[in-house]
Amino acid sequence: MFKKLLIANRGEIACRVIRTAKQMGISTVAVYSDADAHALHVQSADEAVHIGPSPAKDSYLQGEKIIEIAKELGVDAIHPGYGFLSENADFCRLCEQNNIEFVGPPVGAIEAMGSKSAAKRIMEEANVPLVPGYHGDDQSPEVIKKAADDMGYPVLLKAAAGGGGKGMRQVWSESEFDAALAAAKRESMNSFSDDHMLVEKYLTQPRHVEIQVFCDKSGNGVYLFERDCSVQRRHQKVIEEAPAPGMTESLRQQMGEAALKAAKAIDYVGAGTVEFLLDSDGSFYFMEMNTRLQVEHPVTELISGQDLVEWQLRVANGEPLPKQQSELRINGHAFEARVYAEDPNNEFLPATGNLTYLQPPLENRYVRVDTGVLQGDDVSVYYDPMIAKLIVWDESRDKALARLTKALSEYRIKGLVNNIPFLYNLAKSAPFQNAELDTSFIEKHNDILFVEHSANVEQFVPMMAVVLLMQKQADLRASNQRVIADKDPYSPWATTDAWRANETHQQHVALDVGGDVHEVEVEQKEANNHTQEHSFVVHYNGHTSHISVKRQGDVFNFNANGHRQAITIAQDDTGFSLYASKVALHFAEHKPDLGLTDEDHGAAGFTAPMNGTVVKLLADVGDTVEKGQALMIMEAMKMEHVLNAPATGKVTEFFYQEGDLVDGGAELLAFEASEE
Ligand code: ADP
């Protein structure tokens, strides 16, 4: 086996490859650009070498430089990951010339699949079914248009050199054709310095189903089943799953064998993916072959129990395929959701910024998170804005989907716009749950998928108020317990009678939802100890709601005036995120302004934010206190409010003593700031 592997990539895929290499006892070399000096992949590798400035063309695409580093460090194999140099025949050739194993297919296979037109011609000869269309060398607009007219509209123009959905245009009628061809050619020229086009029949409701193939150097090949990647935005994948819902054994076998035929036609070696369009009548058509490990390979790993990176390394090392076709089985169902820094409400525009808070769901045998970033990292303008891949597995599609929605509701990201709420809506939506999949899924269901910022906030305010209250009570109980455990005699919570269960009183709650403040009055009724249900009467906006709720982890099962709904609540240090079936909202407690600002310390009074009781005085009149030191604790319905010193200074008078009842708005103490 190889001794030292260089990973010519970054981010999650570099980390992913390093993980397996380590397990196999292979030492690893990372390369990095300026922007990635402190990146996770650099920290994870045994050695790391700086290769240049942040733009990919000056760093991760510098093939010759990477080869030099590999030679200097005694590297015997290079894994290119996906993107960057992974499908670059020149780089593959450079590796060969320098006696370094390229973990991927041979040069000839990369070249054969490099052009979509050439690939289709090869597949035609190998009798692999193709999407009807024209992929010839004669590029005169008349010839291409005639082909389109003959097969009938709609058609799809594609750049032969294309990738990433660029240089692609749908054409719905003859009259649009000329303009669309010109536009697609321009786009292709700009992206690929080439404007060779092909035209295909545009299938209106196909599914994207692809087959994972693997071939060794002795000409053996297997397929590791299929992935359904129909859920796409801008012709790019968003959620992938394996196996494909509704797939029959016989269709799987036909598609698997067609994919192997495609691979054999180009003497393929290593991991490859043959992409097909699957029509509603069960016909399938070759689209293209990707000659690398795909982003979505983990779903195949989870249903097959195989480590595809290990397979790649073994095959590159000249070993036979680790398993024969007859030894491969599908076990359960897996999903992958691509977590991106992007704004679904603004045409999925990529976002950049700092991941100020990043808490992925816990990983276990059902949940896997492949990522290349840590809290505090930047998502920069230089690379793909993918934050992570969330991959889940369970025995059935329904169970796996429940894991996906749960994991998404636990994924907490702050600092930049991201697609988590969108993914959650998608995973929760009825058509996705029912596996009504085709490539226009997102367009077709956009009315239910896109989170509306102006969502009917009012409808959720009473429930938010209840959540806030319950959370505060839980915090208070936890804090009481901590204090009792610590036996701190000076703590205000050493006396546990601040918590009085089963009492009914009215509580004022001020919520901040997207900058708007909502004032709510909540009355708590007795909790039903038997059903664990808590009941509240909420007055808001002139309406009264009777709400009962039972909490199960992050899921709050509400019954509001007879309307039952399960709402997931995620909490972080900035507040709460609420996820209902079509809505994601962020809310926090609106902190009452005590009338003090840093410039104005000491002059204004401290007012009670609500009706309540003075629980504890924490300073002595006349003693100097530090800025931020707690002066008094008020309690109202199991909620604590700590009043802190706004500056260094002293309390000159407390207007209430411990145990006194106070009215909301009452002046509580007088404070005098020290002269600076
Ligand atoms: P790229 O290489 O740019 O990603 P692909 O050829 O892989 O382009 O196609 C990307 C997506 O575009 C497919 O997954 C599918 O959703 C859609 N697509 C491609 N060809 C057709 C077609 N003939 N009819 C309908 N949709 C298509």
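Residues numbered from 1 in each chain as written. Predicted model: local features only at pLDDT ≥ 70, side-chain atom pairs only at ≥ 80, totals over all residues. Heavy atoms only, no water.

### Overview of the site of the ligand
Turning to step 1, where the next piece is worked out: Around the ligand, 21 residues are found, and the nearest of them are Lys116, Gly165, His208, Gln232 and Glu288.
Turning to step 2, where the next piece is worked out: In the model, a nitrogen atom of the ligand is placed 2.9 Å from a nitrogen or oxygen of the Glu200 side chain.
Turning to step 3, where the next piece is worked out: Between Lys201 and the ligand, the recorded distance is 2.9 Å, taken from a backbone N or O atom to a nitrogen atom.
Turning to step 4, where the next piece is worked out: For the ligand, whose free accessible area comes to 550 Å², the fraction covered by protein is 95%.
Turning to step 5, where the next piece is worked out: At the level of elements, strand S7 (155-159), strand S9 (197-201), strand S13 (270-278) and strand S14 (284-290) are the ones that each hand at least two residues to the shell around the ligand.
Turning to step 6, where the next piece is worked out: Residues that form the shell around the ligand fall into these classes: seven nonpolar, eight polar and six charged.
Turning to step 7, where the next piece is worked out: Taken domain by domain, the makeup of the shell around the ligand includes at least three residues from each of domain 2 (132-201) and domain 3 (208-452). (Near = heavy atom within 4 Å. Polar contact = N/O pair within 3.5 Å; in protein donor to acceptor, adjacent residues only side chain to side chain. Areas by Shrake-Rupley, 256 points an atom, 1.4 Å probe, with all protein chains shown as cover. Helix = DSSP H or I, 4+ residues; strand = E, 2+ residues; numbered from the N terminus. Nonpolar A, V, L, I, M, F, W, Y, C, P; charged D, E, K, R; others polar. Domains from an automatic or database assignment.)

### What about the domain arrangement of the chain?
Size of an interface: often given as the accessible area lost when the parts come together.
Turning to step 1, where the next piece is worked out: Partitioning the chain into domains gives domain 1 (4-103), domain 2 (132-201), domain 3 (208-452), domain 4 (455-589) and domain 5 (598-673).
Turning to step 2, where the next piece is worked out: Of note, the centres of domain 3 and domain 5, computed from C-alpha atoms alone, are 56 Å apart.

### As for the sheet that holds S9
Turning to step 1, where the next piece is worked out: Pairing is antiparallel across the open sheet formed by four strands, whose spatial order is S6-S9-S7-S8. Either end of the sheet is taken by a strand with one partner, and the two such strands are strand S6 (133-134) and strand S8 (169-171).
Turning to step 2, where the next piece is worked out: Where S6 lies against S9, two bridges are found, and the strand directions are antiparallel. Bridge pairing in S9 places Tyr134 opposite Val199.
Turning to step 3, where the next piece is worked out: The sheet strands contacting helix H6 (residues 116-125) are S7 and S9, and the helix crosses S9 at an angle near 55 degrees.
Turning to step 4, where the next piece is worked out: Across the face of the sheet, helix H8 (residues 177-192) comes into contact with S7, S8 and S9 while running at roughly 25 degrees to S7. (Pairing = 2+ DSSP bridges. Contact = heavy atoms within 4.5 Å. Axes fitted to C-alpha atoms, helices over the stretch in contact; angles between N-to-C directions.)

### Quick look at the packing of helix H12 (residues 397-409) against helix H13 (residues 420-428)
Turning to step 1, where the next piece is worked out: Taken N-terminus to C-terminus, the directions of H12 and H13 make an angle of 155 degrees; their axes are 9 Å apart at the nearest point. Classified by the angle between their axes, H12 and H13 sit roughly antiparallel to one another. Crossing geometry of H12 relative to H13 is assigned as left-handed. Taken together, the residues of H13 that come into contact with H12 (itself represented by Leu401, Leu404, Thr405, Leu408 and Ser409) are Ile420, Leu423, Tyr424, Ala427 and Lys428.
Turning to step 2, where the next piece is worked out: By residue class, the composition of the contact of H12 with H13 is seven nonpolar, two polar and one charged. (Parallel < 35°, antiparallel > 145°, perpendicular 65-115°, else oblique. Left-handed = near helix turned anticlockwise from the far one by under 90°.)

### Regarding the packing of aromatic side chains
Turning to step 1, where the next piece is worked out: In total, this model carries 16 aromatic pairs according to the counting rule given.
Turning to step 2, where the next piece is worked out: Here Trp172 and Tyr202 contribute two aromatic rings whose centre-to-centre distance is 5.7 Å and whose plane-to-plane angle is 70 degrees, an arrangement assigned as edge-to-face. Taken together, the residues Trp172 in the loop between S8 and H8 and Tyr202 in the loop between S9 and strand S10 (207-215) connect sequence positions 30 residues apart.
Turning to step 3, where the next piece is worked out: Residue Tyr202 is classed as buried on the basis of its relative accessible area of 15%.
Turning to step 4, where the next piece is worked out: With 5.2 Å between their ring centres and 80 degrees between their planes, Phe348 and Phe422 make a pair best called edge-to-face. Residue Phe348 is found in the loop between strand S16 (342-343) and strand S17 (349-350), and its partner Phe422 is found in helix H13; the two are separated by 74 residues along the sequence.
Turning to step 5, where the next piece is worked out: Using a relative accessible area of 8% as the deciding quantity, one classes Phe348 as buried.
Turning to step 6, where the next piece is worked out: Residue classification places Phe422 among the buried positions, given a relative accessible area of 2%.
Turning to step 7, where the next piece is worked out: Among the aromatic residues, those joined into a cluster by ring pairs are Tyr60, Phe84, Tyr382 and Tyr383.
Turning to step 8, where the next piece is worked out: Note that Arg397 overlies the ring of Phe432, its terminal NZ or CZ placed 5.1 Å from the centroid.
Turning to step 9, where the next piece is worked out: Stacked on the ring of Tyr366, the Lys or Arg Arg403 has its end atom at 3.5 Å from the ring centre. (Phe/Tyr/Trp six-rings, centres within 6.5 Å; stacked < 30°, edge-to-face > 60°. Buried < 20%, exposed > 50% of the residue type's maximum accessible area, 1.4 Å probe, protein only. Lys NZ or Arg CZ within 6 Å of the ring centre and 35° of its normal.)

### Thoughts on the environment of Asn364
Turning to step 1, where the next piece is worked out: Turning to its location among the elements, Asn364 is positioned in the loop between strand S19 (357-359) and strand S20 (367-371).
Turning to step 2, where the next piece is worked out: Among the polar contacts made by the side chain of Asn364, one reaches the main-chain amide nitrogen of Tyr366 at a distance of 2.8 Å.
Turning to step 3, where the next piece is worked out: A polar atom in the side chain of Asn364 sits 3.0 Å from the backbone nitrogen of Val367.

### Section: the state of the cysteines
Turning to step 1, where the next piece is worked out: Inspection of every chain in the model, using the stated rule, returns zero disulfides.
Turning to step 2, where the next piece is worked out: With no disulfide partner, Cys92 has as its closest neighbouring cysteine sulfur the one in Cys95, 6.5 Å distant. (Disulfide = S-S within 2.5 Å.)

### Description of helix H4 (residues 89-97)
Turning to step 1, where the next piece is worked out: All of the buried residues in H4 are Ala89, Phe91, Cys92 and Cys95. Seen from one end, H4 has its buried residues packed into an arc of 165 degrees, which puts them on one side. Among the exposed residues of H4, those pointing more than 90 degrees away from its buried face are Asp90 and Gln97.
Turning to step 2, where the next piece is worked out: Taking the backbone nitrogen of Asp90 as reference, a side-chain oxygen 3.0 Å away marks Asn88 as the first, capping residue of H4.
Turning to step 3, where the next piece is worked out: After H4 finishes, the residue Asn99 shows a positive phi value of roughly 60 degrees. (Arc of directions from axis to C-beta.)

### A closer look at the side chain of Asp377
Turning to step 1, where the next piece is worked out: Residue placement: Asp377 occurs in the loop between S20 and strand S21 (378-379).
Turning to step 2, where the next piece is worked out: One buried charge, Asp377, has no salt-bridge partner; the nearest side chain with opposite charge is Arg10, at 7.6 Å.
Turning to step 3, where the next piece is worked out: A polar contact of 2.9 Å, which involves the side chain of Asp377, links it to the backbone nitrogen of Leu374.
Turning to step 4, where the next piece is worked out: Residues in contact with Asp377, not counting those within four places in the same chain, are Gly353, Asn354, Leu355 and Gly372. (Lys, Arg positive; Asp, Glu negative; His and termini not counted. Salt bridge = Lys/Arg side-chain N within 4 Å of Asp/Glu carboxyl O.)

### Brief notes about the nonpolar core
Turning to step 1, where the next piece is worked out: In terms of nonpolar packing, the biggest core is built from 69 residues, with Leu5, Val213, Phe214, Phe276, Phe286 and Met289 touching the most fellow members.
Turning to step 2, where the next piece is worked out: Counting residues per element, this core draws most heavily on helix H9 (residues 249-265), which supplies seven residues.
Turning to step 3, where the next piece is worked out: Summarising the domain contributions, this core has at least three residues from each of domain 1 (4-103) and domain 3 (208-452).
Turning to step 4, where the next piece is worked out: Once residues within four sequence positions are removed from consideration, Phe286 is found in contact with Met113, Ala119, Lys120, Met123, Val128, Pro129, Leu130, Val131, Val274, Glu275 and Phe276.
Turning to step 5, where the next piece is worked out: Judged by nonpolar contacts, the second largest core, of 42 residues, contains Ala341, Val379, Leu426 and Leu449. (Core = buried A, V, L, I, M, F, W, Y, C linked by side-chain atoms within 4.5 Å.)

### A short note on the pattern of salt bridges
Turning to step 1, where the next piece is worked out: One pass over the full model with this rule turns up 43 salt bridges.
Turning to step 2, where the next piece is worked out: Of the charged contacts, one joins Glu87 and Arg292 as a salt bridge, the two residues approaching to 2.8 Å between their closest N and O atoms. Highlighted residues: Glu87 in the loop between strand S4 (77-79) and H4 and Arg292 in the loop between S14 and helix H10 (297-304), separated in sequence by 205 residues.

### Comments concerning the confidence of the model for the chain
Turning to step 1, where the next piece is worked out: Per-residue confidence for the chain gives a mean pLDDT of 89; residues scoring 70 or more make up 91%.
Turning to step 2, where the next piece is worked out: Contacts of residues 487-503 to residues separated by more than four positions or lying in other chains number 31 contacts, the stretch itself having pLDDT below 50.
Turning to step 3, where the next piece is worked out: Per-residue pLDDT stays below 50 along residues 594-604; that stretch engages in 20 contacts with residues further than four places along the chain or on separate chains. (pLDDT = per-residue confidence, 0-100.)

### Some points on the environment of Pro646
Turning to step 1, where the next piece is worked out: You can see Pro646 is positioned in the loop between strand S36 (639-644) and strand S37 (649-654).
Turning to step 2, where the next piece is worked out: Looking at Pro646, the relative accessible area reads 13%, which means it is buried.

### Here we look at the pairing of strand S30 (residues 575-579)
Turning to step 1, where the next piece is worked out: With five of five residues buried, S30 lies mostly within the body of the structure.
Turning to step 2, where the next piece is worked out: The pairing of strand S29 (residues 563-572) with S30 spans five bridges and is classified as antiparallel. From the neighbouring strand, Thr568 faces S30, where its bridge partner is Tyr579.
Turning to step 3, where the next piece is worked out: In textbook terms, the turn of a hairpin is the stretch between consecutive antiparallel strands, and for S29 and S30 this stretch comprises two residues.
Turning to step 4, where the next piece is worked out: Relative to strand S31 (residues 584-589), S30 runs antiparallel, the two sharing four bridges.

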